[in-house]
Amino acid sequence: MSNDTAHSDSSSARSLGTDSSAYDSIGDPFHGRFDDGSEVILAIVETVAAATDRDLTAMSPLYDTVDPESLTDLVTSARDRPIEVSFSYEGCRVTVSSDGHVVVDPAEN
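Presented here is a report on the structure given in the accompanying data block. (Residues numbered from 1 in each chain as written. Predicted model: local features only at pLDDT ≥ 70, side-chain atom pairs only at ≥ 80, totals over all residues. Heavy atoms only, no water.)

Side note on the overall build of the chain
Looking only at helices and strands, the chain features 2 helices and 5 strands. The order of α-helices and β-strands along the chain, N terminus first, is β-β-α-α-β-β-β. Buried residues in the chain amount to 39% of all 109 residues. Intrachain contacts of the chain at a sequence separation of at least 6 include 48% that bridge at least 24 residues. As presented, the chain carries roughly 5600 Å² of accessible surface, and 49% of it is formed by carbon and sulfur atoms. (Helix = DSSP H or I, 4+ residues; strand = E, 2+ residues; numbered from the N terminus. Buried < 20%, exposed > 50% of the residue type's maximum accessible area, 1.4 Å probe, protein only. Contact = heavy atoms within 4.5 Å. Areas by Shrake-Rupley, 256 points an atom, 1.4 Å probe, with all protein chains shown as cover.)

Shown next, in the form of structure tokens:
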């Protein structure tokens, strides 16, 4: 899998395997990445889990917040023009962009 989740302060972050996740102080944005439509939702959920230091199974389903299929279609079909979609999920501000980036700001907690 090519998802990468990293905290914005990479100097104090630690990497975990091929799906690198970095954990640091709560409050700074966490960053994830996806390469294609099949990875968008996983990148969002994994990045939110890293930002909130929660297990994926302990979080509410993403479809309770946004329509995952519509979100995926929107950000993957618009690669020729920039699109960003922001929403709240699990107490975080999530921004997904058509360039393959996910930014999660846990400051809403």
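A closer look at helix H1 (residues 40–52)
Taking 1.5 Å of rise per residue, the 13 residues of H1 would be expected to cover 18 Å, and the 18 Å separating its terminal C-alpha atoms lies within 8% of that figure. Judged by how many residues are buried, H1 sits mostly within the fold: 11 of 13 residues are covered. All of the buried residues in H1 are Val40, Ala43, Ile44, Val45, Glu46, Thr47, Val48, Ala49, Ala50, Ala51 and Thr52. Among the residues trailing H1, Asp53 stands out with phi positive, at a value near 55°. (Expected span 1.5 Å × (residues − 1).)

Let's talk about helix H2 (residues 68–77)
Every buried residue belonging to H2 is among Pro68, Leu71, Thr72 and Val75, and all of these are buried. Take H2 and look down its axis: the buried residues cluster within an arc of 100°, on one side only. Along H2, exposed side chains directed more than 90 degrees from the buried face belong to Glu69 and Ser77. If you follow the buried residues of H2, they end up packed against H1, strand S3 (84–89) and strand S4 (92–97). (Arc of directions from axis to C-beta.)

Description of the pairing of strand S5 (residues 101–105)
Taking every second residue as pointing to the same face, the buried face of S5 carries Val102 and Val104, while none of His101, Val103 and Asp105 on the other face is buried. In terms of strand pairing, strand S2 (residues 30–33) meets S5 through 4 bridges, oriented antiparallel. Among the inter-strand pairings, Arg33 is bridged to a residue of S5, identified as His101. Note that S4 and S5 share 4 bridges and pair antiparallel. (Pairing = 2+ DSSP bridges.)

Let's talk about the pattern of salt bridges
Counted according to the given criterion, the structure contains 1 salt bridge. In this structure, the salt-bridge partner of Arg54 is Glu90, at a minimum N-O distance of 2.2 Å. Note that Arg54 is positioned in the loop between H1 and H2 and Glu90 in the loop between S3 and S4, a separation of 36 residues in sequence. A residue is classified by how much of its surface remains accessible, and Arg54, at 32% relative accessible area, is partly exposed. (Salt bridge = Lys/Arg side-chain N within 4 Å of Asp/Glu carboxyl O.)

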